[in-house]
Amino acid sequence: MRIIFMGTPDFAVPALLSIAKAGHDIVAVYTQPPRPAGRGMTVRNSPVHQEAEALGLPVRVPESLKSPAEQKRFAALEADAAVVVAYGLILPAMVLNGTRRGVFNIHASLLPRWRGAAPINRAIMAGDAESGVSIMRVTQGLDEGPVCLMDRLAIGPDMTAGELHDALSDLGAELMVEVLASLGEGKLHCVEQDGNLATYAAKLSNEETRIDWARPAQEVHNHIRGLSPYPGAWFQIVQNGKAERVKVQGSTLETGRGAPGTLLDDRLTVACADGAVRLTRVQRAGKKPMLADAFLRGVDLPPGSTLL
C-alpha cells in the first residue's frame, strides 16, 4: 500500500523500519523540522528524519499542517493510509480525511487508559502492573478513536520509563504491520473506546520532578522509575556549604525505617514515610550517571545524613 509516515522521536523509528521492511510504498515521511539539541545545542534532524534519509525516503518538515497549501500537498500524495507515531503536530480534519483508508496511530497505553502526552511515565508513576500498545484509527478527539489492535506488556517492579519506552516501541511496530496487513486485505475491524473508563496522561512538568521522601516508599520508587531517564527525579545534597541537585536514574524497594530523607546505610538506602528505597544509579550535575557506590565515594554523605 501507499503509506504516509508521520513521526519524530526514537520511539517512532522501529515502526518506520518495520513498515518499510514489510514492503509498503512509503511515499513521504513527515517529521518535525530540525531543532537545536544536545549540550552544544547543535541543530539536528529528528531520529525519524535521519532514518528516512538513510532509507532513501522523501522527507517533509512543515512547521504546521494548517495551511491549505500544505494540506493540498498531503492530499496530492494519494496515499492509502497514514501512520502517525509521536509526530508532534495537530492533524487538521482535511489531513485526517486525506487518505483513502484513514490515519492510524501507535499509542503507548491500553486505551482508554492514559490518553494524552505522557502515557508511559504516568503508567509507572501510578504503579500500574501492565502497559501496552493500542493501534487506533485517528479521529479529531484526543486519543479517542476506535482501537484496531492492542497488546499488553507487564511492567516489572523496577522497570523504568526508558525501558518500557523501548519495549513498547518495538511492540508497536509489530502491531502496526499487522494492522496494515489487515487493512490491505479488507479485514480490519476497530472497536470504539468506552470514554467512561478514560484517564488522562498529562504532560510532565518540572514542578513534579523533585522527590518527596515524606511519601510511602512504593510511591517514591514509582516516581523515580517513572521519570527515568528523562526528565529525571531529583533530590539535593549539601556539599561544602552548597546545595547540589542529584538526579536518580534507578532505585529499588528496601526495608528500613527512619525520618523521611535520612540516609540509613552506606548503600544509599533512604528512609521514606513508610519503608525505604535504595538508590541504585544517580547522576550529579554535569556528570554521567553512576552506580551508588561510585557516587558515595565522591561525596561526604555518612549514614544519618539528610537528603533534601
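As the structure is a computational prediction, the values presented were derived from the model and not from experiment. (Residues numbered from 1 in each chain as written. Predicted model: local features only at pLDDT ≥ 70, side-chain atom pairs only at ≥ 80, totals over all residues. Heavy atoms only, no water.)

Novice: Got a minute to help me understand the packing of aromatic side chains in this structure?
Specialist: Think of a pair of aromatic rings as described by two things: how far the centres are apart, and how the planes are tilted against each other in angle. A full pass over the atoms with the stated rule returns two aromatic pairs. The ring of Trp234 carries Arg245 above its face, with NZ or CZ at 3.6 Å from the centroid. (Phe/Tyr/Trp six-rings, centres within 6.5 Å; stacked < 30°, edge-to-face > 60°. Lys NZ or Arg CZ within 6 Å of the ring centre and 35° of its normal.)

Novice: Please explain helix α2 (residues 47-54) as it appears in this structure.
Specialist: Three- or four-residue spacings in an α-helix give side chains the same orientation, since the helix completes a turn every 3.6 residues. Listed in full, the buried residues belonging to α2 are Val48, His49 and Ala52. Buried positions in α2, seen along its axis, are confined to an arc of 100° and lie on one side of it. The inward-facing, buried residues of α2 abut β1 (2-7), α1 (13-21), β2 (25-30) and β5 (59-60). Gly56 sits one or two residues past α2 and shows a positive phi near 75°. (Buried < 20%, exposed > 50% of the residue type's maximum accessible area, 1.4 Å probe, protein only. Helix = DSSP H or I, 4+ residues; strand = E, 2+ residues; numbered from the N terminus. Arc of directions from axis to C-beta. Contact = heavy atoms within 4.5 Å.)

Novice: Explain unusual backbone geometry here, please?
Specialist: Excluding glycine, residues mostly carry a negative phi; peptide bonds, for their part, are mostly trans. With omega at 5°, the peptide bond leading from Ser228 into Pro229 counts as cis. In this fold, Pro229 is placed in the loop between α7 (217-226) and β12 (233-239). The peptide bond linking Tyr230 to Pro231 adopts the cis configuration, its omega dihedral lying at 0°. For Pro231, the position within the fold is in the loop between α7 and β12. We note that Asp143 has phi near 50°; this positive angle belongs to a residue other than glycine. Mapped onto the secondary structure, Asp143 falls in the loop between β9 (130-137) and β10 (147-154). The phi dihedral of Leu268 falls on the positive side, at around 65°, and the residue is not glycine. Tracing the chain through its elements places Leu268 in the loop between β13 (242-254) and β14 (269-271). By relative accessible area, Leu268 is classed as buried at 0%.

Novice: Looking at this structure, I do not really get the domain arrangement of the chain. What am I missing?
Specialist: Think of interface size as the accessible area that goes away when the parts come together; that is how it is often given. For the chain, the assigned domains are domain 1 (2-201) and domain 2 (217-306). Just the C-alpha atoms count here: the centres of domain 1 and domain 2 sit 35 Å apart. Contact between domain 1 and domain 2 buries roughly 870 Å² in total, counting both sides, with carbon and sulfur atoms accounting for 47%. At the boundary of domain 1 and domain 2, one finds zero salt bridges. Inspection of the domain 1/domain 2 interface yields 10 residue pairs in polar contact (both at pLDDT 80 or more). Residue assignment for the side of domain 1 that touches domain 2 shows that the elements contributing at least two residues are α5 (119-125) and α6 (161-184). For the side of domain 1 that touches domain 2, the class distribution of residues is six nonpolar, five polar and one charged. (Domains from an automatic or database assignment. Buried area = accessible area lost by both parts, 1.4 Å probe. Salt bridge = Lys/Arg side-chain N within 4 Å of Asp/Glu carboxyl O. Polar contact = N/O pair within 3.5 Å; in protein donor to acceptor, adjacent residues only side chain to side chain. Nonpolar A, V, L, I, M, F, W, Y, C, P; charged D, E, K, R; others polar.)

Novice: Whenever I open this one, the UniProt feature "binding site: (6S)-5,6,7,8-tetrahydrofolate" (unreviewed entry) in the chain confuses me. Can you help?
Specialist: Taking the UniProt record as the reference, the feature "binding site: (6S)-5,6,7,8-tetrahydrofolate" (unreviewed entry) is found at Ser109, Leu110, Leu111 and Pro112. In this fold, Ser109 is placed in the loop between β7 (103-107) and β8 (115-116). With residues near it in sequence (within four places) discarded, Ser109 still touches Trp114, Pro119, Ser131, Gly132, Val133 and Ser134. Polar contacts involving the side chain of Ser109 include one to the main-chain carbonyl oxygen of Trp114, which spans 3.3 Å. In this fold, Leu111 is placed in the loop between β7 and β8. Residue classification places Leu111 among the buried residues on the basis of a relative accessible area of 6%. Those residues in contact with Leu111 that sit more than four places away from it in its chain are Ser134, Met136, Asp143, Val147, Met150 and Gln193. (UniProt positions renumbered as here; feature names shortened; annotations may be inferred.)

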